[in-house]
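Reading the structure
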Amino acid sequence: MTKKKGKSPKESAVETRYLIMPHQANPHGTAFGGVIMAWIDMVAAMAAQRHCGKEVVTAGIDSLAFKEPIRIGDHVALRASVNYVSRSSMEVGVQVTREDPYTGEQAIATTAHLTFVALDKNKKPTPALPILPETDQEKLRYEHAKLRVRARKELLEKMC
Ligand SMILES: CC(C)(COP(=O)(O)OP(=O)(O)OC[C@H]1O[C@@H](n2cnc3c(N)ncnc32)[C@H](O)[C@@H]1OP(=O)(O)O)[C@@H](O)C(=O)NCCC(=O)NCCS
């Protein structure tokens, strides 16, 4: 059997849905940010695992933007896909959409970019499968992620 050269983002993309319950809200009656962050980390980790087929750890949350409040009773859809792979590290993008279940009104509530690192059996960083973007949107996400990764590395070098 020939070894796979890579995977497209849609082969490992993950989508999941939740209903915001009162115990997940803050005193203003909107979703507590920490709950949304935990769901984002979870769904992004699953996409990274599905991409590389290995154990992964969250190395960092590179960006997180709460754009719209999510209310108690809203449905939320989280969509995660791998944007970019360096060597062992993978950038995963997550989009959180809130939906009013009665009117069907939808809005992008939160967006995030996270970096995961693939680990070998000794818990050491190990190369992840290359990502093969196919659609125009996947190719754009790949190019943007590449710029973010380069900027992060340059900033780290300047600060050391
Ligand atoms: C992430 C971790 C595995 C990196 O290990 P390390 O010994 O620093 O490894 P390296 O320096 O060889 O870096 C490995 C890769 O991680 C990337 N990386 C390391 N720290 C990073 C950070 N803070 N943000 C983004 N990427 C990072 C490197 O750029 C490198 O990427 P590449 O292989 O694609 O070039 C290690 O720091 C770790 O285990 N952190 C704790 C993770 C954790 O507990 N997460 C929370 C629960 S899952």
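Please read all numbers here as calculations on a predicted model, not as lab measurements. (Residues numbered from 1 in each chain as written. Predicted model: local features only at pLDDT ≥ 70, side-chain atom pairs only at ≥ 80, totals over all residues. Heavy atoms only, no water.)

What follows deals with the site of the ligand. Taken together, V57, T58, A59, S86, R87, S88, S89, T115, V117, P125, R152 and K153 are the residues near the ligand. Between the ligand and R87 there is a distance of 2.8 Å, counted from an oxygen atom to a backbone nitrogen or oxygen. Between an oxygen atom of the ligand and a side-chain N or O atom of S89, the distance comes to 2.6 Å. Against a free-state accessible area of 940 Å², the protein chains account for coverage of 49% of the ligand. Those elements giving two or more residues to the shell around the ligand turn out to be β2 (55–66), β5 (106–119) and α3 (136–159). Top contributing element to the shell around the ligand by residue count: β2, with three residues. For the shell around the ligand, the class distribution of residues is four nonpolar, five polar and three charged. (Near = heavy atom within 4 Å. Polar contact = N/O pair within 3.5 Å; in protein donor to acceptor, adjacent residues only side chain to side chain. Areas by Shrake-Rupley, 256 points an atom, 1.4 Å probe, with all protein chains shown as cover. Helix = DSSP H or I, 4+ residues; strand = E, 2+ residues; numbered from the N terminus. Nonpolar A, V, L, I, M, F, W, Y, C, P; charged D, E, K, R; others polar.)

Time to look at helix α2 (residues 33–52). Between the first and last C-alpha of α2 there are 29 Å, a value that for 20 residues agrees with the 28 Å anticipated at 1.5 Å per step. Of the positions making up α2, those classed as buried are V35, I36, W39, I40, V43, A44, A45, A47, A48, H51 and C52. On its buried side, α2 packs onto α1 (9–12), β1 (14–19), β2, β3 (75–85), β4 (89–99) and β5. Phi turns positive, to about 65°, at G53, one or two residues after α2. (Expected span 1.5 Å × (residues − 1). Buried < 20%, exposed > 50% of the residue type's maximum accessible area, 1.4 Å probe, protein only. Contact = heavy atoms within 4.5 Å.)

A few words now on the packing of aromatic side chains. One pass over the full model with this rule turns up two aromatic pairs. Ring centres of Y18 and W39 lie 4.0 Å apart, and the angle between their planes is 10°; on these two criteria the pair is classed as stacked. Within this pair, whereas Y18 is found in strand β1, its partner W39 is found in helix α2, the two being separated by 21 residues in sequence. Look at W39 and you get buried, because its relative accessible area is 13%. (Phe/Tyr/Trp six-rings, centres within 6.5 Å; stacked < 30°, edge-to-face > 60°.)

A word on the sheet that holds β5. Read across the open sheet, the five strands follow the order β1-β3-β4-β5-β2; overall the sheet is antiparallel. Only two strands of the sheet have a single neighbouring strand rather than two, namely β1 and β2. Averaged over neighbouring strand pairs, the angle between their axes works out to 25° when direction is ignored. Inspection of the sheet shows β4 paired to β5 by eleven bridges, in the antiparallel sense. Bridged to T97 within β5 is I108. Each of β2, β3, β4 and β5 is contacted by α3, which is oriented at about 70° to β3, the strand it contacts most. (Pairing = 2+ DSSP bridges. Axes fitted to C-alpha atoms, helices over the stretch in contact; angles between N-to-C directions.)

All we've got here are geometric facts, nothing functional implied.
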